Protein chains: 2
Amino acid sequence: MTNKSRTRGSTCMILGGYMRGTALYGPYDVRSEYVPDPTIIEPTDAIIRLSATCICGSDLWPYRGVDPITRPVPMGHEYVGIVEEVGSAVKIIKPGQFVVGSFFASDNTCPICQAGYQTSCVNRQPGAPTGAQAEYARIPLADGTLVPTPDLPPADLIPDLLAASDVLGTGWFAAVAAEVGPGKTVAVVGDGAVGLLAVLSARQMGAERIILIGSRHPQRQALAQEFGATDVIEARGDEAIEMLKELTDGLGVHSTIEAVGTQESMMQAIRATRPGGHVGVVGVLHDVAIPGREFFFSHVHLHGGPAPVRRFLPELINLIWQRVIKPGKVFDLTLPLEQVAEGYRAMDERRAIKVLLKP
Amino acid sequence: MTNKSRTRGSTCMILGGYMRGTALYGPYDVRSEYVPDPTIIEPTDAIIRLSATCICGSDLWPYRGVDPITRPVPMGHEYVGIVEEVGSAVKIIKPGQFVVGSFFASDNTCPICQAGYQTSCVNRQPGAPTGAQAEYARIPLADGTLVPTPDLPPADLIPDLLAASDVLGTGWFAAVAAEVGPGKTVAVVGDGAVGLLAVLSARQMGAERIILIGSRHPQRQALAQEFGATDVIEARGDEAIEMLKELTDGLGVHSTIEAVGTQESMMQAIRATRPGGHVGVVGVLHDVAIPGREFFFSHVHLHGGPAPVRRFLPELINLIWQRVIKPGKVFDLTLPLEQVAEGYRAMDERRAIKVLLKP
């Protein structure tokens, strides 16, 4: 550890070399606690000081016990911040840069990365193995993973850049996977932050009509409309599909974004889509089985998975920097990092769309 | 019925107005029998005199009792022949033309057809509702469904044109769905006629390497190699995937064609494919459930369904007419139509790849 990094842990000087982090101990038991400062382990690592972090919809799976854990797990994988220190093999990223990363670290040079699937990089690692709901984070494969902003950002852009780190990148990938484009009609299943930012993404890509399905939450509907949704169908299941068909000459939409990850939402996405259309799947599928025969005769394209956010970061940072898009609007609750447990509760109870945490 | 059509049924003049057809009565009970000549029912119909017909791998599903039937069913959906008669609303197709059609009739004008998914046409009907393993067939929506050849074909091209009607069109669609292209490595699961013609299609589309998986049949392997396969992996299951990974720097192939339709073959196709790659699914999926989580993290694209052969017919007829491709080589047994039952047995027992029937 360098002298410089020894000065970290500024909110807890008395402990020295410790920082505030977040760990999940079991269902509904998330704790803010002091943990050792992260250090460079591999020469390709960087240490960043987080300017902002947040809670992800996917954090709620282990929080609710759906993805069981066997020991306390450091939480958080969305981050923006300033590079404090880099390992000896880091050539591109420099201390002092403001950077955006994402939930998987990737070398950005292997054939899979080069094809744009950095989240399946052959050297893939967790993006913030020390947990990003913290003051500092160790980021592996820094040169492949992190993208610097043109300059230090003004404070009001920080939530937008933070959104790019996961939810915007994921919504954007969903729209790309669903082959959204000019003149197309798009359905979005899911009114969480990813679904809402998929609406924004679809609008940016020129979609003619964007229909949010199954949302019964006035605040989320309003934000969807602000982001570009043209229609909201509150119904779910077969009723929603019938209404959607009525809106599309009986054919279904060209592109559907699945941003929930349940059997019901997946089937709704397939059934919403016309033959030859595309379903972009970014809801992490839990206990889902896609019936082969229905998929086959639906004639839809299915594509998705963990979003290769890295592919889109340069473009997304630019759109944010130019103030073309304002994805940070999905953060409707801001809390100090130490109140992370309240943040989880607010998201679990759907009192908040997405919680930003200030270290 | 016009006077002209009354003269049909020439192989059975004594009965008059009857023709030889084929019906399935139950598992393993397929019969050649005399049935009434088909007649124009809708003004958009055509009646064709079949020059050749054949038995499809998909005919074996009901033949084996996997797709149960409740009454005798006329069989056959692959056909080429000469137009005998057209309904009053048929404007493009003319009596005397040699035509190629396929297993679904489509108007070729609805938005789904215009998008290239004629097999999901909003006015879709069976392509040969009277059965094409027969001397004559009624073809609905003739103008949308049938494609004439430039002239009456020489006899040696008839098997090739017949192959275009289904198996070539299906193999071609599989390769398109799998986004085969120059420089790509392609895996083909299935050594039936569709799998073999998917090899031919992949070669035509410029694939660099074409790997046939799971084939243990020397004659089929040889034909695959003649059509352009560069490698054959006889192994199946996990062992086949391991060998495939060894051939592809551990990454898997860019494009995989699934031409079987079972759970095992479907999983093999997904596992053979690298992240970001494409799986083209043309084996009619029977009792298949695609596990959501594995699909999600595989990062593959899935697309397929009943091949919209109509989309490709003009191009395929041209390639055959120019003698660029010779797909009719998949017919390794030719029988007179009345021996159709022996044809089913030969395919069921895998003694023949594909059986051509001469009316």
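Residues numbered from 1 in each chain as written. Chains lettered and ligands numbered in written order. Predicted model: local features only at pLDDT ≥ 70, side-chain atom pairs only at ≥ 80, totals over all residues. Heavy atoms only, no water.

Digging into the packing of aromatic side chains
Spelled out, the test is: Pairing of aromatic side chains here covers Phe, Tyr and the six-membered ring of Trp, requires ring centres within 6.5 Å, and sorts the geometry by plane angle: under 30 degrees stacked, over 60 edge-to-face, intermediate tilted. By definition, any uninterrupted DSSP run of H or I lasting at least four residues is a helix, any uninterrupted run of E lasting at least two residues is a strand, and each is numbered from the N terminus. Each residue is assigned to one of three classes by its accessible area relative to the maximum for its type, calculated with a 1.4 Å probe on protein chains only: buried under 20%, partly exposed between the two thresholds, exposed over 50%. Criterion for a charge above a ring: Lys NZ or Arg CZ within 6 Å of the ring centre, and within 35 degrees of the ring normal.
Counted by the stated rule, this structure contains 12 aromatic pairs over all chains. Ring centres of Tyr117(B) and Phe173(B) lie 6.5 Å apart, and the angle between their planes is 85 degrees; this geometry places the pair in the edge-to-face category. Taken together, the residues Tyr117(B) in the loop between α3 (111–114) and β8 (125–126) and Phe173(B) in helix α6 (residues 167–177) connect sequence positions 56 residues apart. The residues Tyr117(B) and Phe173(B) share a single accessibility class, namely buried. Through a chain of ring-to-ring contacts, three or more aromatic side chains come together here, namely Tyr28(A), Tyr63(A) and Tyr344(A). Here the guanidinium or amino end of Arg311(A) rests over the ring plane of Tyr117(A), the centre of that ring lying 4.9 Å away. Note that Arg31(B) overlies the ring of Tyr25(B), its terminal NZ or CZ placed 3.7 Å from the centroid.

Points about the domain arrangement of chain A
Often the size quoted for an interface is simply the accessible area lost on bringing the parts together. All names here are of chain A. Put simply, the rule is: Domain start and end points were adopted from an automatic or database domain assignment. Residues count as neighbours in contact if any of their non-hydrogen atoms are within 4.5 Å of one another. Here's the idea: put two parts together, see how much 1.4 Å probe accessible area each one loses, and the total over both is what we call buried area. Put simply, a salt bridge is a Lys or Arg side-chain nitrogen that is within 4 Å of an Asp or Glu carboxyl oxygen. Side-chain atoms alone can form a polar contact between residues adjacent in sequence; in general such a contact is a pair of N or O atoms within 3.5 Å, and within protein one must be able to donate a hydrogen while the other accepts it.
By domain assignment, chain A separates into domain 1 (3–166 + 308–358) and domain 2 (170–304). A straight line from the C-alpha centre of domain 1 to that of domain 2 covers 28 Å. Between domain 1 and domain 2, the residue contacts involve 24 residues of the former and 21 residues of the latter. A per-residue breakdown of the area domain 1 buries against domain 2 is headed by Trp61, Arg350 and Ile353, which together make up 32% of the total. The tally of links between domain 1 and domain 2 comes to two salt bridges. For Glu226, the salt bridge goes to Lys329, with nearest N and O atoms at 2.4 Å. Summed over the shared surface of domain 1 and domain 2, the result is seven residue pairs in polar contact (both at pLDDT 80 or more).

Examining the UniProt feature "domain: Enoyl reductase (ER)" (unreviewed entry) in chain A
Condition: UniProt positions are given in the numbering used here, feature names are shortened, and annotations may be inferred rather than shown by experiment.
Feature annotation in UniProt assigns "domain: Enoyl reductase (ER)" (unreviewed entry) to the following positions: residues 31–357 of chain A. Between the end C-alpha atoms of residues 31–357 of chain A the distance is 14 Å, and the span holds 31% helix and 25% strand.

Brief notes about the sheet that holds strand β4 (residues 73–74) of chain A
Residue and element names in this part refer to chain A. Where we set the bar: Two strands qualify as a pair provided DSSP detects at least 2 bridges between them.
Taken in spatial order, the three strands line up as β2-β1-β4 in an open sheet, and their pairing is antiparallel. The open sheet terminates on both sides in strands that have one partner only, identified here as β2 (29–36) and β4. For strand β1 (residues 18–26) and β2, the ladder comprises eight bridges, and the chain directions are antiparallel. Looking at the pairing, Arg20 lines up with Tyr34 of β2.

Details of the environment of Trp61(A)
Residues and elements named next belong to chain A. With respect to the helices and strands, Trp61 occurs in helix α2 (residues 60–63). For Trp61 and Ile93, which are 32 residues apart along the polypeptide, the C-alpha to C-alpha distance reads 33 Å. Not counting residues up to four positions away in its chain, the partners in contact with Trp61 are Val66, Asp67, Val260, Val284 and His286.

Focus: a negative patch on the surface
For clarity, the cut-off: A patch consists of residues exposed above 30% relative accessible area that lack any salt bridge, with like charges linked at up to 9 Å and nonpolar side chains (Val, Leu, Ile, Met, Phe, Trp, Tyr) linked at up to 5 Å. Per-residue and other accessible areas follow the Shrake-Rupley method at a 1.4 Å probe size, with only the shown protein chains counted as cover for residues. When charges are counted, neither His nor the chain ends are considered; positive counts come from Lys and Arg and negative counts from Asp and Glu. For charged residues, the charge sits on one atom: NZ in Lys, CZ in Arg, CG in Asp, CD in Glu.
A cluster of acidic residues, Asp238(A), Glu239(A), Glu242(A) and Glu246(A), forms a negative patch on the protein surface. Along the polypeptide, Glu242(A) turns up in helix α9 (residues 237–247).

Topic: the pairing of strand β12 (residues 209–213) of chain B
Residues and elements named next belong to chain B. Selection criterion: The crossover handedness rule: strands pointing away from the viewer, path from first strand over the helix to second strand clockwise, crossover right-handed.
Of all five residues in β12, four are buried, a share of seventy percent or more. Judged from the five bridges that link them, strand β11 (residues 185–189) and β12 form a sheet pairing that is parallel. In the strand pairing of β12, Val188 is matched with Leu212. In this region the chain leaves β11, passes through helix α7 (residues 193–204) and returns to the parallel neighbour β12; the handedness of that crossover is right-handed. As judged from the three bridges shared by β12 and strand β13 (residues 231–233), these two strands associate in the parallel manner. By the bridge assignment for β13, Ile211 is matched with Asp231. Considered for its hand, the β-α-β crossover made up of β12, helix α8 (residues 218–227) and β13 is right-handed.

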